[in-house]
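Single-letter residue listing:
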Amino acid sequence: MNSKIEKDNASIIAVDKLCKTVNSHNGPLTILSAIGFNISSAESVAIIGASGSGKSTLLSLLAGLDVASSGSIEILGQSMSELNEDGRAALRHQAIGFVFQSFQLLPNLNALENVMLPLELSGDKKAKTLASDLLDRVGLSQRLTHLPSQLSGGEQQRVALARAFVTRPKILFADEPTGNLDSSTGDNIIKLLFELNKENQTTLILVTHDQRLAQRCERIIELKAGRII
Amino acid sequence: MNRLYLALRFLRRDSRSGELTLLMLALIIAVASSTAISLFADRINRTMNYQAAEFLAADLLLSSPEPIAYSILQQGNKLDLKQSQTTEFSSVLMENDEFLLVGVKAVSANYPLYGYLKIRQQSYTEEQTVYHGPKSGNVWVESHILSALKLKLGDQLRVGEKALHISQIVSYEPDKRGDLYSLSPRVMINSADLEATQVLQAGSHAHRFFQFAGSEENILTFKRGLEPQLTVSQRIMDVYEDRPKLGSALQKAERYLGLSSIVVILISGVAIAMATRRYSERHFNSTAILRCLGYKQNQVLQLFLWQFLLIGLIASTIGCAVGWISQEVLLHTLRELLPAKIAAPSILAVFFGMMMGIIVLFGFALPPLLRLKRVSPLRILRRDLVPLPSSAWLVYGLALVLLIFLISQYTDDLKLTLGIIGACALSLLIIAGLAYLLLTATRLLLAHVNLTWRFGLQDLSRNRRSNIVQVLAFSTTLLAIILSFTVRTDLINDWQQHLADEAPNHFALNVFDDQKEALQQELKQQGVKVSHFYPVVRGRLVAINTTPVQQIVTKESQGERAIHRDLSLTWAKAPAKDNKITAGLWPSQRKSHMVSIEQKLAKSLKVKLGDKLTFTIASQQVTAQVDSIRKVNWDTMKPNFYMMFSPGTIDQFAHTYITSFYLATEKKDVLNQLLKHYPAMTLLDVDLLLQQIKRILIQLTAAINYLLYFALLAGFLVLFAAVQTTLDSRIYTGVLMRTLGAKRSFLQKIQWIEFSVLGFIAGLLAVLMAQLAIYALYHFVLKMDFNINLTLSLLVPLASALFIGLAGFWGTRSVVNQSPMQVLREL
Ligand SMILES: Nc1ncnc2c1ncn2[C@@H]1O[C@H](COP(=O)(O)OP(=O)(O)O)[C@@H](O)[C@H]1O
Ligand SMILES: [Mg+2]
């Protein structure tokens, strides 16, 4: 399935008439409306907009962490609305990687174990070598057995990067990956992110409110109050 | 495989960070206490079976006045049962111009099948333990036969027509019964010599006993086959179904032990549920990350179930080991009270302990764990997204099913079980309601107190929901402890009668009218305290109203035994001191031809007040009307009677007297003197039986104390589990307040105030519920007077405030000690 899509070079993500409405205290609240775009394989796209404009919500829908109220999302030719929770989990595991603003490492596991985690899920025998190679690649070969709480923010985010790339995902979602970091550390992370992205030919969807960062992507989608402008 | 591996990883990390310590401890305590108690009870029980077998000198005993059919013995052979026979009768011996009524016992070669005899040569040489009776041609006698008949060892003694050689003094036989033949001094001969004595002619009065021993299964098969063949005068008794009861004390104690170990399990269960809740809340984030990485819901659940299965196995193993050790320690401390041969612990009990551990763990931990399944991966982006809690039905339903199962194990009575559960549910509701009111009431105080108190109190009314849960946990734990402590105290007090040093240990029977005064005098001179002398008339109950008893009494019913033999009837002006009138009246001036009947017999014979009972006494008929029903404590070693007539009803019949008294061991020689002065009198020494009851009660008291320790430990765990559930949010607010400039001492005081007040409320409610429960128990069940225990009512809330305040203070010390930086970073 994946190889076919790569050959056609068709859209890896297709979004059409996407809407998200939630029930708040003051009645229904529309967070996203009439969103539509296509992203092709290996493309890098920045989603920008002010805080509260709906960027994270869009990302969560694209990654199948949440379900849309209406409209359609196709990832790798698979309609998200046809998948249940577990189907979406399987899709995430096969094809999607994440990097978050607040790192989201398992506090119980050390750096190496955190990176091995997604591989172990599929029973990969080479989990350990692949994981330590990648940690080496992000410059953490000396910190393999450190727990997240023993690492600095920048180091934690590098572990998260290694974890995101270790499964060689088709698509990488990054939600404000530098939001919790100082600017020079943030710059290093971004540099690493784009390097790894290039090496792996990953489709990158980067959420940010930082114009400078967005410029490094091939395309920019700007949100304002839940709509594309 | 992969998930198990990951589960192990998680487990290792979590246990290192102390996340699981509380959970494990709670489970260990639950398993340890139930294993210890079931092992202990099982061993004591089986030890008592051994002892019962010794008392019968057999597993099954058939008694019959006449020889039994040969086919019965053959049936025994077919089932591989070992057999022996004894024949007992009274006979008057005459030597050196002295007469003596003795109880002769002729024993077969295999006698005794269980137990041993003690024999000796001269008075003061060492006793010897043997496992057989005298050889043919020899006779063994009790020591005071020698003095009474002016004989010595080695002399000849004529039993009937046969002269036998006195070879040993016999001082102990396992199956000595408290009936007429055993009470007269013992003469033991070999049954091979029985015929030669020519004492037993056709129609002469003798008791024949046929002993059988074998496996439980074969014994019971044999019994089932035997029962339909029995004649009216034949009786069977076996160690499994008719074990001589050591009084109701034992039964009460067994129930109490069982129910108390459930209390321990329940308290531990509360701790487990609380600890698991915190555990699962602390794993929401990890679960969201796993879900984000592509874990399916069931895979997440499996991961945690594996962990808990491992926890359950590890903790149960440790718990079993601890239980085993404590039970060994318990038996070791009691070893001087126990028979030399104690039943081995059964491995099965350990297996059940393991099972119990897993069941208890999942019964209380599953609902909070299931919540993890519902964690949304979206939580990664939105921290406030908490999964719905498991439905209340599941949470309480599972624990409820578990409890019903456990309680019915010990009560064997569905109505009682449901009653207990219903009472528990009702108390929970009441406590929750009152806790709500009290917590709300603290708000009224806010306007009148200083800043520290205001900060300490305001969370109580603000986080009402979680505080009610905490109060519930604390006060049910306290309630359980108070109740089991109170019942324990009452049980032990109840037993003090047995344990009292001066409880009567001898009965004097067959005291004639004209000897009564003299005997009373003589005992008084010896400084012996005697209880009341009751007249005894032998008689048989033949009809109730106009119906013959045979038509009323079904076989197997309790009344059966009492009806097919002569009863000891008595009359008295006043009821015995420890008897309690449960129906009717016992006026100080009783009309003649009235009778007071014992409660259980009345129930079994369906006798009501006003019924007319007809007795046959010395071939005359006497009718009396039931004027009261009495509850009799058969456990006390005082003369007690099924029927107590009013004076002037049966006085005219020939009667003897019975009394009981206490005789210290060093005064035993008084007995010989008494027997010499009153040769016709029968003395019954119940010291051995008393000793045994005493021993068992001491064992049980020790076991009960053990349980209380376990319950207290479990209670402390609940305390810490409860403190921990709110620890995270406390740390967070604490850090924020410190960054805003609050002093550490200020924060410490706040914690101290909040927990103490919580503890005080919990203590107050626990005392209230406990007094209500005890009142209900005393008033409706035990029919005892109820007094409010004021000390307890004051002490418990104060102690609870102190301890819970301390535990909260100690448990939340990290709130004031952790560096704000570290906390903010870990968030
Ligand atoms: N479940 C929800 N309930 C109520 N409001 C929500 C919910 N999810 C998102 N929102 C609101 O929708 C808006 C968009 O949120 P978000 O996608 O996080 O914005 P961004 O990431 O661009 O800052 C915000 O105003 C947020 O408060
Ligand atoms: Mg956002």
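Worth saying up front: this structure is predicted, and the values here are computed from it rather than measured.

Draft legend 1. Fine view of the overall build of chain B. For chain B, the helix and strand inventory stands at 26 helices and 22 strands. Among the 827 residues that make up chain B, the fraction classed as buried is 50%. Considering only contacts in chain B between residues 6 or more positions apart, those separated by 24 or more positions represent 80%. On chain B, roughly 39,500 Å² of surface is accessible, and the fraction owed to carbon and sulfur atoms is 60%.

Draft legend 2. Expanded view of the packing of helix α4 (residues 111-121) of chain A against helix α5 (residues 127-137) of chain A. Residue and element names in this part refer to chain A. Interhelical geometry of α4 versus α5 gives an angle of 130 degrees and a closest axis separation of 9 Å. In terms of orientation, α4 and α5 fall into the oblique class. Relative to α5, α4 is oriented so that their crossing is right-handed. Contacts from Ala111, Leu112, Val115, Met116, Leu119 and Glu120 in α4 reach Ala127, Lys128, Leu130, Ala131, Ser132 and Leu135 in α5.

Draft legend 3. Looking closely at a nonpolar patch on the surface. Residue and element names in this part refer to chain B. The grouping of Phe716, Trp752, Leu802, Phe803, Leu806 and Phe809 at the surface amounts to a nonpolar patch, some 530 Å² of accessible area in total. Per-element tally for the nonpolar patch: the top contributor is helix α24 (residues 790-811), with 4 residues. Within the secondary structure, phenylalanine 716 sits in helix α21 (residues 687-725). For phenylalanine 716, a relative accessible area of 37% puts it in the partly exposed group.

Draft legend 4. How the structure looks around helix α7 (residues 216-226) of chain B. Residues and elements named next belong to chain B. Taken together, the buried positions of α7 are Ile219, Leu220, Phe222, Lys223 and Leu226. Projected onto a plane normal to the axis of α7, the buried residues spread over an arc of 160 degrees and lie on a single side. For α7, the secondary structure elements touched by its buried residues are β1 (60-64), α3 (70-78), β10 (207-213) and β11 (235-238).

Draft legend 5. Molecular detail of the interface of chain A and chain B. Opposite the 33 residues of chain A that make contact, chain B presents 28 residues. Interface area lost by chain A to chain B is led by Gln104, Asn108 and Leu121 of chain A, which between them contribute 24%. Note that arginine 291 of chain B is salt-bridged to glutamate 85 of chain A, the shortest N-O span being 2.0 Å. Seen at the junction of chain A and chain B, the total is 5 residue pairs in polar contact (both at pLDDT 80 or more). At the level of elements, α2 (55-62), α3 (85-95) and α4 of chain A are the ones that each hand at least two residues to the side of chain A that touches chain B. The biggest single contributor to the side of chain A that touches chain B is α3 of chain A, with 6 residues. When grouped by side-chain class, the residues that make up the side of chain A that touches chain B number 15 nonpolar, 10 polar and 8 charged.

Draft legend 6. A look at the side chain of serine 756 of chain B. Residues and elements named next belong to chain B. Looking at the secondary structure, you find serine 756 in helix α23 (residues 744-782). From its side chain, serine 756 meets the backbone oxygen of tryptophan 752 in a polar contact 2.7 Å long. Every residue in contact with serine 756, bar those within four places of it in the chain, is listed here: Ala801 and Gly805.

Draft legend 7. Fine view of the sheet that holds strand β2 (residues 27-40) of chain A. Residues and elements named next belong to chain A. Pairing is antiparallel in the open sheet, where 4 strands are placed in the order β2-β1-β4-β5. If you trace the sheet from one side to the other, it starts and ends with β2 and β5 (78-79), each paired once. The sheet contact formed by strand β1 (residues 11-24) and strand β4 (residues 70-75) spans 5 bridges and is antiparallel. Note that in β4 the partner of valine 15 across the bridge is isoleucine 73. Each of β1, β2 and β4 is contacted by α2, which is oriented at about 60 degrees to β2, the strand it contacts most.

Rules and cut-offs
- Residues numbered from 1 in each chain as written.
- Chains lettered and ligands numbered in written order.
- Predicted model: local features only at pLDDT ≥ 70, side-chain atom pairs only at ≥ 80, totals over all residues.
- Heavy atoms only, no water.
- Helix = DSSP H or I, 4+ residues; strand = E, 2+ residues; numbered from the N terminus.
- Buried < 20%, exposed > 50% of the residue type's maximum accessible area, 1.4 Å probe, protein only.
- Contact = heavy atoms within 4.5 Å.
- Areas by Shrake-Rupley, 256 points an atom, 1.4 Å probe, with all protein chains shown as cover.
- Axes fitted to C-alpha atoms, helices over the stretch in contact; angles between N-to-C directions.
- Parallel < 35°, antiparallel > 145°, perpendicular 65-115°, else oblique.
- Left-handed = near helix turned anticlockwise from the far one by under 90°.
- Patch = residues over 30% accessible without salt bridge, like charges linked within 9 Å, V, L, I, M, F, W, Y side chains within 5 Å.
- Salt bridge = Lys/Arg side-chain N within 4 Å of Asp/Glu carboxyl O.
- Arc of directions from axis to C-beta.
- Buried area = accessible area lost by both parts, 1.4 Å probe.
- Polar contact = N/O pair within 3.5 Å; in protein donor to acceptor, adjacent residues only side chain to side chain.
- Nonpolar A, V, L, I, M, F, W, Y, C, P; charged D, E, K, R; others polar.
- Pairing = 2+ DSSP bridges.

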